[in-house]
Amino acid sequence: MLKLCLNRIASSSKYDSIQPRLCQCATGHPGRHDEFPFLRDLFKTNPSVANKIRRDSVMTTGAAWKSADAGPNRILRWVMLLSDSQLLKFGINMQQLKPQVIAKLRDKASTYDDCMGVARKLTWLTYQMDNAPNISPETKAYLESFGMQFSTSQTTKCLVCRDRLSFESFSRAQRGKAEIETGHSNPRLHNSDNVGFIHRECNIAQGAKTLDEFYGWIKTILKRVETDV
Ligand SMILES: [Zn+2]
Ligand SMILES: [Zn+2]
């Protein structure tokens, strides 16, 4: 594994005291410190995809709206590791939220390191989609140093339905929503082993179930449908 610079990156976020943002470049690197050096190329060619990877890696997805009882709609995942009383100091009153909102936010908590691992994994998966842009030798070497191998016979598939994913699906929007989303084999674990891309429809179908639970559920439905004639 690559030895990282981990220099603190200046930020104006009020959450910096919880977890500073750290440079993820190789130690002794030239140029400026950068938290997402592996996304540099994508930020140039496909900024919306790069932004999505960065956002989905580090932010929770809460309610689509922001209101007192819906809670914060997007918040850094490691902030959700704090206790209720610590969160109150940051102006987040968990006790006034509905139990299902609290559960949803807490399920999405994750450490900073896991979030960085997720960002690398999603970048690697993106470059292996059908019709993906070519990866630069620098980005390839960076991801390979984390054990992510590239092979021409490998294609990124939907985590749920296992159909091949095309890079173009990122921009092919349905009713304002992208066709592919970030998903998890177990929706309550946000780490590189557990994360992948999922069709929007597959994500909705999976809901809060783990993949094992989801497939078991589908099997019982199909069995019932087959015998109920
Ligand atoms: Zn650095
Ligand atoms: Zn799918």
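The text that follows walks through the structure, step by step, so that each part is easy to find. For clarity, every value in this text was computed on a predicted model and none was experimentally measured. Residue numbers restart at each chain and count upward from 1, following the sequence in its written direction. Ligands are numbered from 1 and chains lettered from A, in the order in which they are written. Restriction of local features to residues with pLDDT of at least 70 applies here, the model being predicted, together with a cutoff of 80 or more for giving and counting side-chain atom pairs; totals for whole chains, interfaces and linings are based on all residues. Neither water nor hydrogens contribute to the side-chain values; these are computed over all heavy atoms in the structure.

## So, the overall build of the protein
We apply this condition: The way it works is that DSSP assigns letters per residue, a run of H or I at least four long becomes a helix, a run of E at least two long becomes a strand, and they are numbered from the N terminus. With the radius of gyration taken over C-alpha atoms, the globule rule is written as 2.2 Å times the number of residues to the power 0.38. Exposure categories follow from relative accessible area, calculated using a 1.4 Å probe and restricted to protein chains: below 20% of the type maximum is buried, above 50% is exposed, and the middle band is partly exposed. All accessible-area figures derive from a Shrake-Rupley calculation using a 1.4 Å probe, and residue coverage is judged against the displayed protein chains alone. Asp and Glu are treated as the negative residues and Lys and Arg as the positive ones, with His and the ends of the chain left uncounted. For the purpose of locating charges, the reference atoms are NZ of Lys, CZ of Arg, CG of Asp and CD of Glu.
Check the secondary structure of the protein and you find eight helices and six strands. Helices and strands appear in the protein in the N-to-C order β-β-α-α-α-α-α-α-β-β-β-β-α-α. Radius of gyration (C-alpha) of the protein: 19 Å, near the 17 Å computed for a compact globule of 229 residues. Projected onto the principal axes, the alpha-carbon positions of the protein cover approximately 70 × 50 × 30 Å. Expressed as a percentage of its 229 residues, the buried residues of the protein come to 45%. Approximately 12,800 Å² of the protein is accessible, and the part contributed by carbon and sulfur atoms is 52%. Within the protein, one finds 33 positive and 23 negative side-chain charges whose respective centroids are separated by 4 Å.

## A few points about the environment of Cys158
Quick note on the threshold: The contact definition used throughout considers only heavy atoms, calling two residues in contact when any of these lie within 4.5 Å.
Residue placement: Cys158 occurs in the loop between helix H6 (137-144) and strand E3 (173-174). Among the residues examined, Cys158 registers a relative accessible area of 1% and is labelled buried. As for Cys158 and Gly183, which are separated by 25 residues in sequence, their C-alpha atoms are 9.1 Å apart. Excluding residues within four positions of it along the chain, Cys158 makes contact with Asp163, Leu165, Phe197, Ile198, His199 and Cys202.

## A short note on the state of the cysteines
Our working definition: Note on disulfides: each one is a pair of cysteine sulfur atoms within 2.5 Å.
Applying the stated criterion across every chain, the model contains zero disulfides. Sulfur of Cys25: no disulfide; nearest cysteine sulfur belongs to Cys23 and is 3.7 Å away.

## Topic: the pattern of salt bridges
Two side chains carrying opposite charge are able to pair once their charged atoms lie near each other. We apply this condition: What counts as a salt bridge is simple: a side-chain nitrogen of Lys or Arg found within 4 Å of a carboxyl oxygen of Asp or Glu.
The final tally for this structure, using the stated rule, is eight salt bridges. Salt-bridge contacts for Arg200 lead to Glu181; the nearest nitrogen and oxygen are separated by 3.0 Å. You can see Arg200 sitting in helix H7 (residues 200-206) and its partner Glu181 sitting in strand E5 (residues 180-184), a full 19 residues away along the chain. Grouping residues by exposure puts Arg200 and Glu181 together as buried.

## Overview of a nonpolar patch on the surface
To keep it simple, the criterion reads: Residues enter a patch when their relative accessible area is above 30% and they make no salt bridge; the linking distance is 9 Å between like charges and 5 Å between nonpolar side chains (Val, Leu, Ile, Met, Phe, Trp, Tyr).
A contiguous nonpolar patch, built from Trp217, Ile218 and Leu222 and spanning about 260 Å² of accessible area, is present on the exposed surface. Its location among the elements puts Leu222 in helix H8 (residues 211-227).

## Comments concerning the nonpolar core
To keep things clear, this is the line we draw: Side-chain atoms within 4.5 Å link the members of a nonpolar core, which is a set of buried Ala, Val, Leu, Ile, Met, Phe, Trp, Tyr and Cys residues.
One finds Leu42, Val58, Met129 and Phe197 to be the most contacted residues of the largest nonpolar core, which totals 55 residues. Listed by contribution, the elements that provide at least two residues to this core are helix H2 (47-58), helix H4 (99-107), helix H5 (112-127), H6, strand E6 (195-199) and H8. Those residues in contact with Met129 that lie beyond four places of it in its chain are Thr156, Leu165, Ser166, Phe167, Phe170, Ile180 and Phe197.

## A few points about the packing of aromatic side chains
For any pair of aromatic rings, the description rests on two quantities: the centre-to-centre distance and the angle between the ring planes. Filter applied, for reference: Centres within 6.5 Å make a pair out of two Phe, Tyr or Trp rings, where for Trp the six-membered ring is used; the pair is then stacked when the planes are under 30 degrees apart, edge-to-face when over 60, and tilted otherwise. A ring has a charge above it when a Lys NZ or an Arg CZ is no more than 6 Å from the ring centre and no more than 35 degrees off the ring normal.
Inspection of the entire model under this criterion finds nine aromatic pairs. Here the aromatic rings of Tyr142 and Phe146 are separated by 5.3 Å at their centres, their planes lie at 45°, and the arrangement is tilted. Note on Tyr142: relative accessible area 9%, which makes it buried. With relative accessibility at 15%, the residue Phe146 sits in the buried group. Judged by centre distance (5.5 Å) and plane angle (75°), the ring pair of Phe167 and Phe170 falls under edge-to-face. Phe170 matches Phe167 in its accessibility class, with the two residues each being buried. These aromatic residues form a ring-pair network of at least three members: Phe36, Phe38, Tyr142 and Phe146. Between the NZ or CZ atom of Arg120 and the centre of the ring of Phe146, over which it lies, the distance is 3.8 Å.

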